[in-house]
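# Tertiary structure, described
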Amino acid sequence: MDGARRDCLRKYPAVTNRPLKIGLSPRFLHNAPPELGFKGKKLQYLEQSIAHWLMTANALVFMIPSIEGGGLLRRGNIRIADYVEALDGLVLQGGADVSPLTYGETPLKPEWNGDRIRDMYEIDLLQEFVSAGKPVLGICRGLQLINVAFGGTLYQDISSQHGDELEHHDPDAFDRHYHSIAFVAGSGLARLYPNLGGARVNSIHHQAVKDLGQDLMVEALSVPDDIVEALRLRGSGYVVGLQWHPEFHDPDDASLLDGTAILTEFLAAARQVCESGGRSPGFFGGSGR
């Protein structure tokens, strides 16, 4: 028995029963409104729905703070590796645009500048969790960040760069704006939902995957305009991105995709990593390289 597995079992003898510890990357607010009472201070925060969604599966949720300027490589004696070691998995939540500068482009409009500080922080975080063999789930911006981190690019604005066959963002409807997606045959999502060829999901984004990142494969596309709605890393690691927000779906609305199977798969990957000695044993993921 190796040291990592022995340590896991020593701390948690009934490992299959103890709550998993999931790290959540925060949203950034670089200029807090004065009425919040944080004059001149920067805020890092989470939207409660994503934390509560994870908690429905009895996971403990920990927001992972960053340091100013991006990256979590070191702050005092704390390193990113310390967070990775302490946690079982990572969720990249939604929020501001990914900056075009992060994938080598100039923003076409000032309002599409995005948040490069957050980009660099989350890329460091993602890379460290992947290197440690621990699972990552990206939601909305999180999917886009995964694609960019693996060398892909984005449409800065779907309507102006891809076409407006389907509206992907309605500011007034927000999370009540929906459209249909189709699962790619043979994909992980198709296996998770064997009786569905596709589904109905919310859509709250104006950016999307353009050039697919290295070693990523598409799992779902929007209907009818074929925007990437889900992706997965090939090989033994568990890295999955969803363009929609499963945590915003009303569980009583049977017309929407129930994200429980996705959450269960992600947490099962986290559980398996701990039980196998701290690294993914290769059960989850795509079809292989």
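Summarised in this report is the structure supplied together with it. (Residues numbered from 1 in each chain as written. Predicted model: local features only at pLDDT ≥ 70, side-chain atom pairs only at ≥ 80, totals over all residues. Heavy atoms only, no water.)

### Focus on the side chain of His177
- With respect to the helices and strands, the residue His177 is situated in the loop between helix H6 (158–161) and strand S10 (178–183).
- Looking at His177, its side chain comes within polar contact range of the main-chain oxygen of Glu167, at 2.7 Å.
- Look past the residues within four positions of His177 in its chain and what remains in contact with it is Glu167, His168, His169, Asp170, Val201, Asn202 and Ser203. (Helix = DSSP H or I, 4+ residues; strand = E, 2+ residues; numbered from the N terminus. Polar contact = N/O pair within 3.5 Å; in protein donor to acceptor, adjacent residues only side chain to side chain. Contact = heavy atoms within 4.5 Å.)

### Focus on the layout of surface pockets
- Roughly 320 Å³ of volume is contained in the second largest pocket.
- Going through the elements one at a time, helix H2 (48–55) and helix H8 (260–275) are the ones with two or more residues in the lining of the second largest pocket.
- Its residues placed into classes, the lining of the second largest pocket shows eight nonpolar, seven polar and four charged. (1 Å grid on protein atoms, 1.4 Å probe; cavity = no way out; pocket = protein on both sides within 12 Å on 5 of 7 lines; lining within 4 Å. Points joined across faces, edges and corners; volume = space filled by probe spheres on them. Nonpolar A, V, L, I, M, F, W, Y, C, P; charged D, E, K, R; others polar.)

### Describing unusual backbone geometry
- Residue Pro224 is bonded to the preceding Val223 through a cis peptide linkage, with omega at 15°.
- Even without glycine at this site, Cys140 takes up a positive phi of about 55°.
- Mapped onto the elements, Cys140 comes out in the loop between strand S8 (136–139) and helix H5 (141–149).
- With a phi angle near 60°, Asp226 is a residue other than glycine that sits in the positive phi range.
- Summarising the element assignment, Asp226 is placed in the loop between strand S13 (216–223) and strand S14 (228–233).

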